[in-house]
Each structure stands twice: as structure tokens, then as C-alpha cells.
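Geometric and topological summary
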Amino acid sequence: MDLKEILARLRDEGNFREIPLETRGEVIDFSTNDYMGVAADKELQERFFADETSKKIPLTSSAARLLAPRQIEYLNLEVVLRLLYDKYRHGDTGALLFNSGYHANTGLVSAIAAKDTFIIADRLVHASIIDGIVLSRAPFERFRHNDMGHLEKLIMRHRGEKPNILVIVESVYSMDGDKADIDALTEIKRRYPEVMLYVDEAHAFGVLGPYGLGLAAASKAPEEIDITVGTFGKAAGSMGAFAITSADMRDFLVNTSRSFIFSTAIPPMQAAWTRFTLGFLLKAERRRAHLQWLSEKLQKVLQKYSPTPVTASHIQPLIIGDSRKAVELSKKLLHIYGIKALPIRKPTVAAGTERLRFSLNARMQGDEIDILDRALADLLPGAGEKL
């Protein structure tokens with residue numbers, strides 16, 4: 001392996017990645033996943049630490065969850081999650097914490113998809129899901145993005161090969177911001193009893209659905225969804241992830257999910273902070289409404305410069321189609337206009353769909369989107385034209 005040659009090729013293609021330095025000075029930040037503005041809310045942090053008991057919570061777990069000497073913060077958070085989702089699942093609900101969305105997806109998929117399972121996943125699911133599929137060693141296929149007809153054809157083709165079929169989707173996709181049709185998915189599941197349905201809500205949790213609990217909770221039949229995954233490192237302004245499933249499945253995962261069993265658990269302090277921010281998120285309807293308004297305003301701006309349709313979401317892409325041009329546009333936006341929007345390149349997205357990814361947070365104001373509009377008008381060759 002010639003490392004210098006590989007790195008030189010990545011630089012030449014515009015696909016060389018570096019860990020970004022902390023931005024100095026004031027910028028308009030369209031790069032963060034802090035969708036609800038919780039991570040940047042200093043008042044929330046002050047309120048949390050105003051309670052003297054919060055300051056005494058350990059900053060490390062010192063062990064994996066099955067060996068950790070202190071469990072109360074984890075159990076309290078899991079109980080809150082179980083009770084919240086039990087209302088929509090109508091009983092028999094279990095909640096289990098993981099260290100991150102990556103740990104959750106790799107650990108869940110590899111544990112659930114045993115030798116008796118065939119996996120069918122949306123073509124645009126996150127890399128962590130793909131890695132979980134690979135670790136499971138189960139046979140799999142991928143259906144065309146959000147194409148329910150293609151999904152059902154694959155189910156019909158492969159049913160009978162294995163006793164179980166695991167269908168995996170995201171509710172909101174991390175690079176395009178578009179949504180899965182959860183109601184159509186649960187209807188398909190009803191027609192095929194061998195199907196298990198797995199929905200990753202990483203980019204919906206805290207933002208969409210009743211009380212911000214995601215699109216699964218907002219669907220017509222949330223009890224049909226076998227596994228719901230959410231993360232705390234985005235809208236909740238914290239760290240970690242969780243799975244909502246049946247009580248028996250939770251027990252099964254405690255005994256079989258390798259990323260749960262063998263990873264040092266998140267700090268108890270982190271679990272306590274998450275429970276605190278969750279209490280805020282459940283009541284943050286005004287912020288969610290403002291975020292939706294920002295989403296619609298941003299869509300109108302980006303659509304003028306985009307060669308492809310843009311969804312009104314808290315995540316929106318501007319397709320560039322070339323890695324080097326995406327990097328160049330990102331640098332100009334930052335250095336000339338003080339706008340931070342990072343380039344997304346292959347292999348994160350398919351070649352030819354390289355882009356800038358714009359993510360919104362509820363603490364933004366409309367005039368910041370107006371500044372972006374003027375900057376893009378200056379930098380792009382013309383509305384609706386491809387770069």
C-alpha cells in the first residue's frame with residue numbers, strides 16, 4: 001500500500017479530508033446538527049448545573065454497561081424513553097441506551113440479523129447501518145431510495161429464502177433531508193408477516209412528530225415498527241443513542257449486541273444531561289415551528305440555484321456534482337461571507353452528487369438565510385444552472 005500515492009490521488013480528486021479547525025470569529029453556521037439549538041443554549045446548561053446534585057454525578061462510567069458500578073442515570077433515562085414511546089406503541093415497550101448512533105446501528109443490526117434473516121435496506125441508509133449489515137453476515141439487497149414498489153418486489157422475491165426479512169430505512173435521510181413513507185412501510189409489513197421493520201430516526205428525533213419523538217410516533221401504526229433508533233448527539237444537544245423495541249427484544253440485545261456489551265458506557269453525567277434536555281425538547285413546540293419556517297425559507301433560496309428538487313427540511317443539499325468545485329464554493333462562502341457550509345463528497349455520497357449540505361438550527365433567524373441567498377447569487381454562475 002503506497003500511502004503517499006493514495007493521499008496524492010485524494011488531493012487531486014478534491015476528496016482529501018482534514019479535521020477542520022475551530023472557526024474563529026462570528027460565522028453563520030449551516031454545518032451543525034444542533035437542529036433545535038440545544039447545544040448552543042447556555043441558559044439550559046446553567047439551569048442543569050444550578051442543581052448541586054448535577055455537579056456530583058460521575059464524569060466517567062469506568063466500565064461497560066454490564067459492569068458499571070453506577071446505573072441510576074442510565075435507568076432513569078431508559079424509563080423516561082420507555083414511558084414516552086409506550087403511549088404510541090400501546091404497551092410492551094423496552095428502551096436501551098447505546099454510546100452513539102454508530103454503535104446502535106452496528107450493534108442492533110448485527111445482533112438481530114442472524115442466520116435466519118434476509119436484509120433489505122434503502123439504498124441511501126447511513127454507513128453505520130451498512131457496517132451493521134456487513135457484521136451480521138446476513139444476505140442482503142438494497143431497494144431504490146424511497147421506492148416502495150421496488151421494496152415490495154424484493155420482499156416477494158426473497159420471502160421463503162429465510163424465515164425473517166429485516167427492512168431498514170431512515171425516517172429523515174441525512175444528506176438530502178427527505179423523508180420515508182412510514183405509513184406505506186407499515187402497510188407493507190402487515191402484508192408480509194415475516195417482515196421486521198427497523199427505522200432510524202437519528203435526524204428526526206427532537207425535531208419532528210408528537211413532542212419531537214420522530215416520524216414513527218407520528219405514523220398511523222407505530223406499534224408495527226419493531227426497532228426505532230434515535231440519537232442524542234443532534235437535536236438533543238448531548239451524546240449517545242437509544243433503541244425502542246419490545247421488552248423481550250431489549251433483553252435479547254443486552255445479551256447479544258456486541259457494541260453494547262463490549263463498549264465502555266457513556267458517562268453518567270451525559271445520561272443525566274440528556275434526560276434534562278429531553279424534558280426541554282418535549283415542550284419545544286415553538287422552536288419546532290420556527291425551524292419548519294426556516295426550512296421553507298431555505299428551500300425557496302436553494303431551489304433557485306439547485307439543478308435538482310430540494311425538500312423543505314432542516315437538512316438541505318445544494319448539488320454541485322464535482323468534489324473540487326464543492327470544496328472551492330465552501331471555502332469562498334466561509335472566507336468571503338462568513339458562512340460555514342461544508343462539502344460532502346464521495347464515498348459519503350455517490351460520485352456526481354457531491355454537494356454542500358446545509359443544516360438549520362432553531363436559533364437561526366431569517367436574515368441569515370437572506371445573507372446566504374445574496375452570497376450564492378454572487379458566487380454561482382446563474383440560477384438553476386449546474387456548476
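Overview of the structure.

What counts and what doesn't
- Residues numbered from 1 in each chain as written.
- Predicted model: local features only at pLDDT ≥ 70, side-chain atom pairs only at ≥ 80, totals over all residues.
- Heavy atoms only, no water.
- Pairing = 2+ DSSP bridges.
- Helix = DSSP H or I, 4+ residues; strand = E, 2+ residues; numbered from the N terminus.
- Right-handed = clockwise from strand over helix to strand, strands pointing away.
- Axes fitted to C-alpha atoms, helices over the stretch in contact; angles between N-to-C directions.
- Contact = heavy atoms within 4.5 Å.
- Parallel < 35°, antiparallel > 145°, perpendicular 65-115°, else oblique.
- Left-handed = near helix turned anticlockwise from the far one by under 90°.
- Nonpolar A, V, L, I, M, F, W, Y, C, P; charged D, E, K, R; others polar.
- Polar contact = N/O pair within 3.5 Å; in protein donor to acceptor, adjacent residues only side chain to side chain.
- 1 Å grid on protein atoms, 1.4 Å probe; cavity = no way out; pocket = protein on both sides within 12 Å on 5 of 7 lines; lining within 4 Å.
- Points joined across faces, edges and corners; volume = space filled by probe spheres on them.
- Phe/Tyr/Trp six-rings, centres within 6.5 Å; stacked < 30°, edge-to-face > 60°.
- Buried < 20%, exposed > 50% of the residue type's maximum accessible area, 1.4 Å probe, protein only.
- Lys NZ or Arg CZ within 6 Å of the ring centre and 35° of its normal.

Brief notes about the pairing of strand 4 (residues 140-143)
Where a strand is regular, its side chains alternate between the two sheet faces. The pairing of strand 3 (residues 117-122) with strand 4 spans four bridges and is classified as parallel. Residue Asp122 lies in a different strand from strand 4, and its bridge partner there is Phe143. The parallel pair strand 3 and strand 4, bridged by helix 6 (residues 127-136), forms a crossover whose chirality is right-handed.

A few points about the sheet that holds strand 3
Taking strand neighbours across the sheet as the criterion, the seven strands line up as 2-8-7-6-5-3-4 in an open arrangement whose pairing is mixed. Two strands in the sheet have a free side with no partner beyond their single neighbour: strand 2 (94-98) and strand 4. Averaged over all pairs of adjacent strands, the angle between their axes in this sheet comes to 20 degrees, without regard to strand direction. In this structure, strand 5 (residues 164-170) lies alongside strand 6 (residues 195-200), joined through six bridges in parallel fashion. Across the sheet, the residue bridging to Leu166 is Met196, located in strand 6. Along the sheet, helix 4 (residues 72-89) makes contact with strand 2 and strand 8 (241-245), crossing strand 2 at roughly 135 degrees. The sheet strands contacting helix 7 (residues 148-158) are strand 3, strand 4, strand 5 and strand 6, and the helix crosses strand 4 at an angle near 160 degrees.

Section: the environment of Ala104
Its location among the elements puts Ala104 in helix 5 (residues 101-112). When the C-alpha positions of Ala104 and Ile129 are compared, they lie 9.0 Å apart, and in sequence the two are 25 residues distant.

So, the packing of helix 4 against helix 12 (residues 268-281)
Where helix 4 contacts helix 12, the two axes come as close as 8 Å, and the packing angle between them is 30 degrees. It follows from the interaxial angle that helix 4 and helix 12 lie roughly parallel. Helix-helix and strand crossings are classified by hand; for helix 4 and helix 12 the assignment is left-handed. Only Pro268, Ala271, Ala272, Thr274, Arg275 and Leu278 of helix 12 make contact with helix 4, whose side of the interface consists of Glu73, Tyr74, Asn76, Leu77, Val80, Leu81 and Leu84. Looking at side-chain class alone, the contact of helix 4 with helix 12 contains nine nonpolar, two polar and two charged residues.

Structural notes on the side chain of Thr93
With respect to the helices, strands and loops of the structure, Thr93 is situated in the loop between helix 4 and strand 2. Side chain to side chain, Thr93 and Arg89 meet in a polar contact 3.5 Å long. In contact with Thr93, other than residues within four places in its own chain, are Arg82, Tyr85, Asp86, Ile244, Thr245, Ser246 and Ala247.

Description of the environment of Thr308
With respect to the helices and strands, the residue Thr308 is situated in the loop between helix 13 (285-305) and strand 9 (315-319). The spatial distance from the C-alpha of Thr308 to the C-alpha of Ala284 is 32 Å, given a sequence separation of 24 residues. Here Thr308 is in contact with Gln303 and Ile319, once residues within four sequence places are set aside.

Here's the deal with empty space enclosed by the protein
Counted according to the given criterion, the structure contains four cavities of 30 Å³ or more. The computed volume of the largest cavity comes to approximately 100 Å³. Of all elements in the fold, only strand 2 and helix 11 (258-261) reach the threshold of two or more residues within the lining of the largest cavity. Within the lining of the largest cavity, the residues separate by chemical class into six nonpolar, four polar and one charged. Lining the second largest cavity we find Tyr85, Arg89, Ala216, Ala217, Pro222, Ile225 and Thr228. Counting only elements with at least two residues in the lining of the second largest cavity, the list comes to helix 4 and helix 9 (215-218). Here the residues of the lining of the second largest cavity are counted per class, giving five nonpolar, one polar and one charged.

Considerations on the side chain of Ser306
Looking at where Ser306 falls in the secondary structure, it is placed in the loop between helix 13 and strand 9. Within the structure, the side chain of Ser306 is placed 2.7 Å from the backbone oxygen of Thr308, a separation counted as a polar contact.

Structural notes on the packing of aromatic side chains
On inspection of all chains with the given rule, the structure shows 10 aromatic pairs. Aromatic pair Phe98 and Phe260: ring centres 6.0 Å apart, planes at 70 degrees, arrangement edge-to-face. Of this pair, Phe98 sits in strand 2 while Phe260 sits in helix 11, and the two are 162 residues apart along the sequence. For Phe98, a relative accessible area of 2% puts it in the buried group. Seen in terms of ring centroids, Phe205 and Phe232 are 6.0 Å apart; in terms of plane orientation they differ by 70 degrees. Their pairing is edge-to-face. Here Phe205 is found in the loop between strand 6 and helix 9, whereas its partner Phe232 is found in the loop between strand 7 (227-231) and strand 8, with 27 residues between them in sequence. An aromatic cluster of at least three residues, connected via ring pairs, comprises Phe48, Phe49, Trp273 and Phe276. Residue placement shows Arg11 over the ring face of Phe16; its charged tip is 4.0 Å from the ring centre.

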